[in-house]
Amino acid sequence: MVTRLARGALPVVILLALTGLAGLAGARVYAEGPMLGLLLGAAAGSILLSTLLRPAPSWLVAPVSMLALGGYTLLAVKLTMRADADMTLLSAFLDAARNAMPRLLTAAVPVEAAPDTVLVPIVALWTAGLLGAELAGRGGRLLFGALPPTVAYAAALVLAGPNAQPALWQPLTYAAVCAVGLALTARQRTTAPVVGGDQPTAPKDRVFQLRAVGGAAAGLAAMLAVAVAGGPLVFGGVDREPHDPRTAVVPPREDALDANPLIRISGWAAQPTQHLLDAELPGDMPIRLAVLSEYDGVTWKVGADYRNAGKVLPSVTGPATTGKSSVVKQSYTVAELDGGLVPAVSTPNRIDNLRVAFDSRSGTLFKTDGLGPGQKYQVQSVYTKPDVNLLSVSDVPSGEAYARYLSVGSTLPTDLVNMANHITENNPGAYAKAYALQGFLAEHYKYNATAASGHAMPNLQFFLTKTVAEGGRQGTSEQFAAAYAVLGRMMGLPTRVVVGFKGRAGKHPVLASDATAWPEVLFTGVGWVSFDPMPQDQNTKPLEDDYTPPPPTKTPSVPPSQVTQSPLASTAGAPDGFATAKDPILTAPVLLMSTGVLLLGLMLFGALVVGLLRRSRSGRRLRSGSPPERVLGAWLEVRDAIRLAGHTPPPHLTASEIALYGSLIPARRRSVGHGTPLPSLDQLAELVNVVGFAPGLVGESEARFAVEQSQGYTRALRNRRSLLYRLAWSLSVRPLLWKPSRPVVAEPGLTSVGPPGRKTGSGADGLLA
């Protein structure tokens, strides 16, 4: 009796463990709260209910389980509803059922456990537990019963994407539970007693053995097919960041005023007594409303990617400000401030009593249905004052990742370019440029609350260059902040514009006169630093005292970036099919055997073709062509080997830098070449530099040396991999798909070239051999 009970309980325990692990994987992207308990409860409830209903007819299990699921989801909605929610339990449940999937995929990580974010995982896990229990219990197949929890586990990994910390123990535990469960249930079946007439005879044993051998052979062939087809892809994707399914869903969008709140500054300046909100702060500090990073020469835009967030807000993914930080708790009550942008001191990490969306790049908040009078909310922020001691020696970042902070549109007015050049003449450092620009605007331009709105390039040109009599050189903080940001970008400073309010200590009303805009500059190692280009008084110096613009010239136009598009694929038709005889009638065993043989043949043929193509290309690179072409071919073989080893060098590296990069590739443990240093590539890199500037100096001996060094390095690097990796290396089709690129060479001061090992010249990339 005990043995039978243990046998029946074993699949249940295994399924509980597998489904629980799937729930644990899904709960990783949720904030602290009831989500983990709800998922584990769904897993246990579905499996245990199916087990209790085992004596009942099979058609009864699904309806009863779905009714229980409905009750459980109502309980989950009740537990995760906000205390201040203005809807009934039923309306919250129906709203969550309608919008569960889009709201889950637009929620910021960590996801708050709310009715519309918990519904999909609970239903998915309950369904997986029900299917697994029925397949394993009624069908007696634990292998099939483990498939639904496995699908749920994979879905949880996809949902987490790159947003959760790696947890290697979870997949290892999952695989171990599967293996142990399959081994124990298989042992039970093989040790079951054989009753009288069912005693197998010798011929039946042989038939069974043949079937077992055939099944094992078919399984081995299938495993080989999967390994050959998916092995290179798996190895190539080890270091890649997982895909985030949230990128496929469009987040909430702002209206015109929220997309560019900078245009509201002049309106607020014209109505200075308008009561926007009430704030309570622990000290004097700015309150941010929006961060505008994108400028196209016409308008500044927020360019944010708002994602629904809970009380606990995600960390900011952009450059963080370093310095003295303090936790700031604030309280706000909305008065006449409209729109969806939510004011808060930077950088918020928690918000209460208001459901918002969050942009993790700028750290700003957005309410999709807009703010309303009387709304109250509390924010906790980490307010950081930058370390001013680091600014004088700090540089500014550059590159494609910061292009959005350097763009000024397609047209550069010559007079503004000349003005920017004048400001930077005696200020070589990044902080010196930023500080000089702040002083230049504060000294020569006036504040005028009645100035018209506008920050397009012609507006800024008028503001900066026209005289006071003509209406120029005066404006609101809109013009001052926008002019600073645009001139700063012309100087090479990454800038952005922030719109917000002047906050004061204690509880106080925030009026329209407190609205302001200010520029920020990004410094390496320091982060975003605010500047104040506003004049301290109206006693400004004439611009002509410090700067006299040169005679006007034609405005240069910056051509738009050229996008190289791949040519369209060929639309030629496929060749005509062959005439065939009448299809024979195939039995199932013959068809399965033929399919297995065909798959195995295709695998072997594919491996042979890939090997021949790669060998042929290597032969063309290393043994045909002129000596300079063979040197470059040897270099391409080295670059392919580095990429096959899982290390892709950045495209901007020079040949000598790639040689250093290749020498630092670590060896795999327990590999053949573990502990043996890789051959040096310095002389091959030097020959590549020679080919780049003086190909006529490369002779036959240099080409042979390059080929030998390339083959020796490739062989040594391959031997440092594991046996499985070396097999994937030889059969990988990826090198045939890589587009070869010319190496980046450094400009040398080359005079002559001799055999490898003899130094004959020097330059920016070192001594050439």
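In what follows, the accompanying structure is described. (Residues numbered from 1 in each chain as written. Predicted model: local features only at pLDDT ≥ 70, side-chain atom pairs only at ≥ 80, totals over all residues. Heavy atoms only, no water.)

### Some remarks on the packing of aromatic side chains
Applying the stated rule across the entire model yields 15 aromatic pairs. When the centroid spacing of 5.0 Å and the interplanar angle of 25° are considered together, the rings of Tyr 306 and Phe 366 count as stacked. Of this pair, Tyr 306 sits in the loop between β4 (300-301) and β5 (307-308) while Phe 366 sits in strand β10 (residues 364-366), and the two are 60 residues apart along the sequence. Overall, the relative accessible area of 0% leaves Tyr 306 in the buried class. Their ring planes at 25° and their centres at 5.8 Å tell us that Tyr 484 and Phe 531 sit as a pair that is stacked. One end of the pair, Tyr 484, is in helix α15 (residues 477-490); the other, Phe 531, is in the loop between β17 (527-530) and α16 (588-623), with 47 residues separating them in the sequence. (Phe/Tyr/Trp six-rings, centres within 6.5 Å; stacked < 30°, edge-to-face > 60°. Helix = DSSP H or I, 4+ residues; strand = E, 2+ residues; numbered from the N terminus. Buried < 20%, exposed > 50% of the residue type's maximum accessible area, 1.4 Å probe, protein only.)

### Notes on the layout of surface pockets
By volume, the second largest pocket is sized at about 860 Å³. Lining the second largest pocket we find 28 residues, and of these Arg 82, Asp 86, Met 87, Arg 355 and Asp 369 sit closest to its centre. Elements represented by at least two residues in the lining of the second largest pocket include exactly α4 (89-105) and α5 (115-137). Among the elements that make up the lining of the second largest pocket, the one with the highest residue count is α4 (6 residues). Residues of the lining of the second largest pocket, tallied by class, amount to 12 nonpolar, 6 polar and 10 charged. (1 Å grid on protein atoms, 1.4 Å probe; cavity = no way out; pocket = protein on both sides within 12 Å on 5 of 7 lines; lining within 4 Å. Points joined across faces, edges and corners; volume = space filled by probe spheres on them. Nonpolar A, V, L, I, M, F, W, Y, C, P; charged D, E, K, R; others polar.)

### Looking at the side chain of Lys 433
Position of Lys 433 relative to the elements: it lies in helix α13 (residues 430-444). In this structure, Lys 433 is buried with no salt-bridge partner, the nearest side chain bearing the opposite charge being Asp 395 at 7.4 Å. Excluding residues within four positions of it along the chain, Lys 433 makes contact with Thr 424, Asn 427, Pro 428, Met 491 and Leu 493. (Lys, Arg positive; Asp, Glu negative; His and termini not counted. Salt bridge = Lys/Arg side-chain N within 4 Å of Asp/Glu carboxyl O. Contact = heavy atoms within 4.5 Å.)

### Quick look at the pairing of strand β11 (residues 376-386)
Pairing of strand β6 (residues 323-334) with β11 involves 11 bridges; the strand directions are antiparallel. Considered in β11, the bridge of Val 327 is made with Val 382. Relative to β11, strand β8 (residues 348-352) runs antiparallel, the two sharing 4 bridges. Its bridge partner lying in β11, Asp 352 is registered against Gln 378. (Pairing = 2+ DSSP bridges.)

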